[in-house]
Amino acid sequence: MSDLGYDAAHMLGAVVLLMSFALLYQRRLFSLLNVFTMQALALTATAAWQAYSHGEPHLYITALLTLVLKAILIPVVLHRIIVKMKIHRTIEPALGIGLTMVAGVSLVTLSILLVLPVTADATALTRENLALSLSVVLLGLLMMISRRNAVSQVVGFMSIENGLILAAVGAAGMPLVVEMSVAFSVMVAFIIFGIFLFHIRERFDTLDMQKIESFRGESD
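Labelled according to an unreviewed UniProt entry, the protein chain appears under the name Hydrogenase-4 component E, originating from Azospirillum brasilense. According to the UniProt record, the Subcellular location (unreviewed entry) comment for the protein chain is "Cell membrane".

In structure tokens:
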């Protein structure tokens, strides 16, 4: 890969990671969906660039699936859910934004320290892609832990899957069937999440997980 190709792939992976930090910073659900859409678009560009630079046409299918599912369909459906449930105003984080960002930086540092030593024989781009991918996965987990709203936790889950796709497109020789299986699994999970969201809202009249736990007498 040329220096330009390496720099472009590195920059696109960094943008995906940057959007993970932006997701942690958001306080409103609509802004959260907008940032998630930008992360999906960056991931689409990453897959398309890897397809072009490595001459692997099946990655164009990955890019197309990511564009349709993650950048268009899922944000549109979540937007309609938020409007229908009238929960668009605020996100109540379980941790403060400052503490969340510090935890995020710590997780990225941990990812680098874990990945780089065990991938010493791989190419520089592969090592960096894996470190970025693990960082995105861990930041998605942090988002699921640090947010009380069920919709924002769904977005955190989808961000974790974005990290897995980033790892898949950066690994040479990943078969298309694996990518299709991941995309199908995400769609099934998203449909199940949507059904649960409506049932939770109908039963408890809220999507705040702390309030739901208090209904069950588990908060204390």
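## Description of the environment of isoleucine 145
With respect to the element layout, isoleucine 145 can be found in helix α5 (residues 124-146). Of the residues examined, isoleucine 145 reaches a relative accessible area of 64% and is grouped as exposed. Taking the C-alpha atoms as reference points, isoleucine 145 and glycine 156, separated by 11 residues in sequence, lie 8.9 Å from one another.

## Some thoughts on the UniProt feature "transmembrane region" (unreviewed entry) in the protein chain
According to UniProt, the positions carrying the feature "transmembrane region" (unreviewed entry) are residues 6-25, 32-52, 58-82, 94-118, 130-147, 154-174 and 180-200. Spanning residues 32-52, this segment combines 100% helix with 0% strand, and its end C-alpha atoms are found 30 Å apart. Within residues 130-147, the helical portion is 94% and the strand portion 0%, while the C-alpha atoms at the span's ends are 26 Å from each other.

## Here we look at the packing of aromatic side chains
Taken as a whole and assessed by the stated rule, the structure comprises one aromatic pair. Ring centres of tryptophan 49 and tyrosine 52 lie 5.6 Å apart, and the angle between their planes is 40°; on these two criteria the pair is classed as tilted. Separated by three residues within a single helix, tryptophan 49 and tyrosine 52 lie in helix α2 (residues 29-54), roughly one turn from each other. By relative accessible area, tryptophan 49 is classed as partly exposed at 22%. Looking at tyrosine 52, the relative accessible area reads 58%, which means it is exposed.

Thresholds, definitions, all that
- Residues numbered from 1 in each chain as written.
- Predicted model: local features only at pLDDT ≥ 70, side-chain atom pairs only at ≥ 80, totals over all residues.
- Heavy atoms only, no water.
- UniProt positions renumbered as here; feature names shortened; annotations may be inferred.
- Helix = DSSP H or I, 4+ residues; strand = E, 2+ residues; numbered from the N terminus.
- Buried < 20%, exposed > 50% of the residue type's maximum accessible area, 1.4 Å probe, protein only.
- Phe/Tyr/Trp six-rings, centres within 6.5 Å; stacked < 30°, edge-to-face > 60°.

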